[in-house]
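One-letter residues, chain by chain:
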Amino acid sequence: MRPLTEDESKAVFTKLANYIGKNLVHLIDRPDETYCFRLHRDRVYYVPERAMRLAASVARPNLVSLGTCFGKFSKSGKFKLHITALDYLAQYAKYKIWIKPNGEMPFLYGNHVVKAHLGRITEDTPEHQGVVVFSMNDTPLGFGVTARSTVDTRKLDPTAIIVFHQADVGEYLRDEETLF
Amino acid sequence: MGRRAKNKQPPPEPLKPVKNAPSKSSSESAPQGKARTANAQTSAKPAAKRKAMEMEETSFDVKRPMKKSKQDVKAPVASGKAAKAQKGQPIKDELESSESEDESDVEGDSDGWEGVADGADLATSKKSLFQGSDSEEEEGLSALEEDEEMLGDDFIQGHKIQDLDLSDSEQDDEGSEEGSEESEDEDSDAPVTAKNMEKRSKALERRARQEEQEEVDEQEMLQKQAEEAEDAMELDEEIDGFVLPSAEEREQEAQSGGVDLAVVQKRIRACTRILNRFTKLAEPGRSRSEYVAQLIADIAYNYGYNQFLAERLFQLFTVNEAIEFFEANETPRPVTIRTNTLRCRRRDLAQALINRGVNLEPIGKWSKEGLQVFESSVPIGATPEYLAGHYMLQSASSFLPVLALDPKPNERVLDMASAPGGKTTYISALMQNTGLVFANDATKARTKSLSANVHRLGCKNVIVCNYDGREFPKVIGGFDRVLLDAPCSGTGVISKDPSVKINKSERDFVLLSHLQKQLILCAIDSVDPKTAAIVVYSTCSIMPEEDEAVVAYALRKRPHVKLVPTGLEFGKEGFTNFRGKQFGESLKLTRRFYPHVHNMDGFYVAKLHVGKRVKTKEGERNEPELTGIIDDEGGQKGAKKKGSAQDEIKFDDEADQAYIEAAKRKRLKQKGSHGATSKKVAL
């Protein structure tokens, strides 16, 4: 467990900014407690400083996770957001998309969102923008990247993909072995 | 019931032509008569009874406002007849004659029903007939009957007055209504007028009711007798033909590869019955232990346990309870889920799941989060709500230790054996994501599902680590609360994991209870020594050596620890002694849960209050002592522990030698004083 280096922080923050934009500051300047990012075995954890200090007494090989896991660094140094970060992404997301009940299961099985399943979408969402996917009753289901801007989606046919799948809560079941 | 219906009735129909009357009456009375016969014949079904009664009553009520028409009157007559026939008594000539009278009356009445009426007259006359026949046939009962009649009278009068208040149209005078038995008898001869109409119908009704009551009583008695006879027969059947196999026979049976299951089951039933009333039913010359041995062997064979475990489980209960317990282990426990209060409320979750076709209900009054799932058209572990972390699949019993632990916000809590995280996330939810929860599990592979669940349910205050629980006070201590859901033999969850039935042996229990004793001391030592703290010990085993014995051991080894009530309002009290082992009175405060009693997994919960240490130095000295004692019977594990403990302490051995010798002497002395009990408990 160690703090992130300059490069690592940059990778993490750019990725996060793709979804939550300027709300990123809320993750760092919190009114309640000081939170920090910590790297432990390739994974980035977002954890209160108080908890982090206590977790320091757990030996490195024995520490499995602390606080919330945001994602992991691949061997090539790229940062990949995990579904476990969804709580914070959903809270601060700038662009959101709601999918209809009949589109929930296909998305939870790891498929992209097609236009037929689109329920609502934030106005003026640009192309290739990170969006958080919600069900119609406002339960966050995952996140992805838009294929088209909001304006362009109007012209698409119903089977066209509008959001590329990045992560969904179904991964808790599907990828339990590799996720943690 | 009918009284209200009456007020809603449409105006009465005009009277039918006379000719039709008899046929109609028969058609009307038929179902009632039938109902009654059916009633009388079959074992008295209360529902049917009520129905018949209702039919009768409503029919009365319907017609009352407009005087009794023949149909109504006929009904009880017919039914009464049926009843008589049922009783197997000859239908009297009088009856028939009264029938004919009936008809003639009916005819007469058609002329002018306003003045005189019809059936009531008949009925009353008939009633007198009945009374006559009754007295002839059941002389013995007559006195009693009269009493009953009087009672019924009063009762009905009460009703009648109410009735009158309701319906003004009926201008009966009350005086005549208050008539007792005698006046009624007089009336029966008198012509029926509008005046006494109501009363007569009442009388009829009462009559019918009384008859019914009689019938019911009779049926009940008959049924009772039949049941008893059956019981006796069954008893005879089972026990008469039953001869306890001798030792040789049993051996032979075992060698031939067992007998038919039906035979074994029959033998189990017989043995149970005999053991329940041993002095009465047992074969002379056979001892109780022989029967018990046979029963245990049969249970092991029938339910697929190994002999050892069947015996150990059998010893926990009375004979009947044991059978219930083994039966309960064959059926699965209900599926229960716990609402994740960090994400949603129970009501919303229930609504969402009902919309998905799940049939569920709150688990009980004792839990605000639990829901019991009866049936589901979708897999309950893969709904979008589940994936979004709105609930956790968790057995009802695993709520209990957390409820006992009662974590408060901003505390530091340790869950020593936490995978797969049901209890950990519950603790986190109760703390509302504040404070800190250390979730530990000794198995690396299981920590994956643990941290998956922690993340799925959005518990942000959890640190997951992978240690052997026994290392704990050294890793980090100073906890406010510690939950130790110790690894155990799983004898409480046999319905979930039937492999327990065969793969547990004496040695497993020794090793497990040894491990549990080490763990509980570590748990106690992990709490903050400065503040008062809580340790909850729980297992999903119902074996006393894994439950009470472990707690009793901890109480002895840590004098600053005492048991406190768990705060769970149900569950059975823990054993204070078991087969000669004394655990102490305070063990009553612990709680046991059984599958056959509480319909949840077998479980044990003890809540320990850790006070301030009285003598810190001496308390620590206990540690090597503990390993020493366990060493006696525990095997290598204890030895290893001892070695590691000595390595880490790194004291000057020579200097310590004197202390060690002194401690040994002291220990021997202690053993001398209450050595017997301690040894037993340690086993």
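Residues numbered from 1 in each chain as written. Chains lettered and ligands numbered in written order. Predicted model: local features only at pLDDT ≥ 70, side-chain atom pairs only at ≥ 80, totals over all residues. Heavy atoms only, no water.

Right, let's get into the sheet that holds strand 11 (residues 140–146) of chain A. All names here are of chain A. On the basis of which strands lie adjacent, the open sheet formed by 6 strands has the order 8-12-11-10-7-9 and mixed pairing. The open sheet has two edge strands with one neighbour each: strand 8 (113–114) and strand 9 (118–121). With 2 bridges joining them, strand 8 and strand 12 (residues 161–168) adopt antiparallel strand pairing. Residue pairing in the sheet places Val 114 in a bridge with Ile 161 of strand 12. (Pairing = 2+ DSSP bridges. Helix = DSSP H or I, 4+ residues; strand = E, 2+ residues; numbered from the N terminus.)

Now for the packing of aromatic side chains. A complete count under the given rule lists 26 aromatic pairs over all chains for this structure. Measuring from centroid to centroid gives 5.6 Å for Phe 325 of chain B and Phe 326 of chain B, while their planes differ by 65 degrees, and the two rings are edge-to-face. No difference in accessibility class separates Phe 325 of chain B from Phe 326 of chain B, as the two residues are buried. Of the aromatic side chains, those joined through ring pairs into one cluster are Phe 13, Tyr 35, Phe 37, Tyr 46, Phe 70 and Tyr 88 of chain A. When the ring centre of Trp 98 of chain A is taken as reference, the NZ or CZ atom of Arg 120 of chain A above it lies at 4.1 Å. (Phe/Tyr/Trp six-rings, centres within 6.5 Å; stacked < 30°, edge-to-face > 60°. Buried < 20%, exposed > 50% of the residue type's maximum accessible area, 1.4 Å probe, protein only. Lys NZ or Arg CZ within 6 Å of the ring centre and 35° of its normal.)

Next up on the list: the interface of chain A and chain B. Contacts between the two partners involve 32 residues from chain A and, on the opposite side, 31 residues from chain B. Summing the contributions of chain A and of chain B, the shared interface buries around 2,700 Å²; its carbon and sulfur component is 60%. Residues Arg 343 of chain B and Asp 87 of chain A are paired through a salt bridge, measuring 2.5 Å at the closest nitrogen-oxygen approach. On inspection of chain A and its partner chain B, the count reaches 12 residue pairs in polar contact (both at pLDDT 80 or more). Residues belonging to the side of chain A that touches chain B are distributed by class as follows: 18 nonpolar, 8 polar and 6 charged. (Contact = heavy atoms within 4.5 Å. Buried area = accessible area lost by both parts, 1.4 Å probe. Salt bridge = Lys/Arg side-chain N within 4 Å of Asp/Glu carboxyl O. Polar contact = N/O pair within 3.5 Å; in protein donor to acceptor, adjacent residues only side chain to side chain. Nonpolar A, V, L, I, M, F, W, Y, C, P; charged D, E, K, R; others polar.)

Residues and elements named next belong to chain B. Averaged over every residue, the pLDDT of chain B is 73; the share at 70 or more is 61%. The low-confidence segment residues 17–45 (pLDDT under 50) makes 41 contacts with residues lying over four places distant or belonging to another chain. Residue range residues 151–187 is modelled with pLDDT below 50. Its contacts to residues more than four positions away, or to other chains, number 51 contacts. Here the predicted complex scores 0.66 on pTM and 0.95 on ipTM. (pLDDT = per-residue confidence, 0-100.)

To continue, consider the pattern of salt bridges. Think of it this way: side chains of opposite charge can pair up when their charged atoms draw near. All names here are of chain B. Going through the model one piece at a time under the given rule, you end up with 30 salt bridges over all chains. Between Lys 423 and Asp 485 there is a salt bridge, with the nearest N and O atoms lying 2.8 Å from each other. Separated by 62 residues along the polypeptide, Lys 423 in helix 20 (residues 422–430) and Asp 485 in strand 8 (residues 481–485) bring together distant segments of the chain. Using a relative accessible area of 13% as the deciding quantity, one classes Lys 423 as buried. Look at Asp 485 and you get buried, because its relative accessible area is 15%. Arg 592 is the partner of Glu 548 in a salt bridge, and the nearest nitrogen-oxygen pair spans 2.7 Å. Taken as a pair, Glu 548 in helix 25 (residues 548–557) and Arg 592 in strand 14 (residues 591–593) lie far apart in primary sequence, 44 residues in all. Like Arg 592, Glu 548 is buried.

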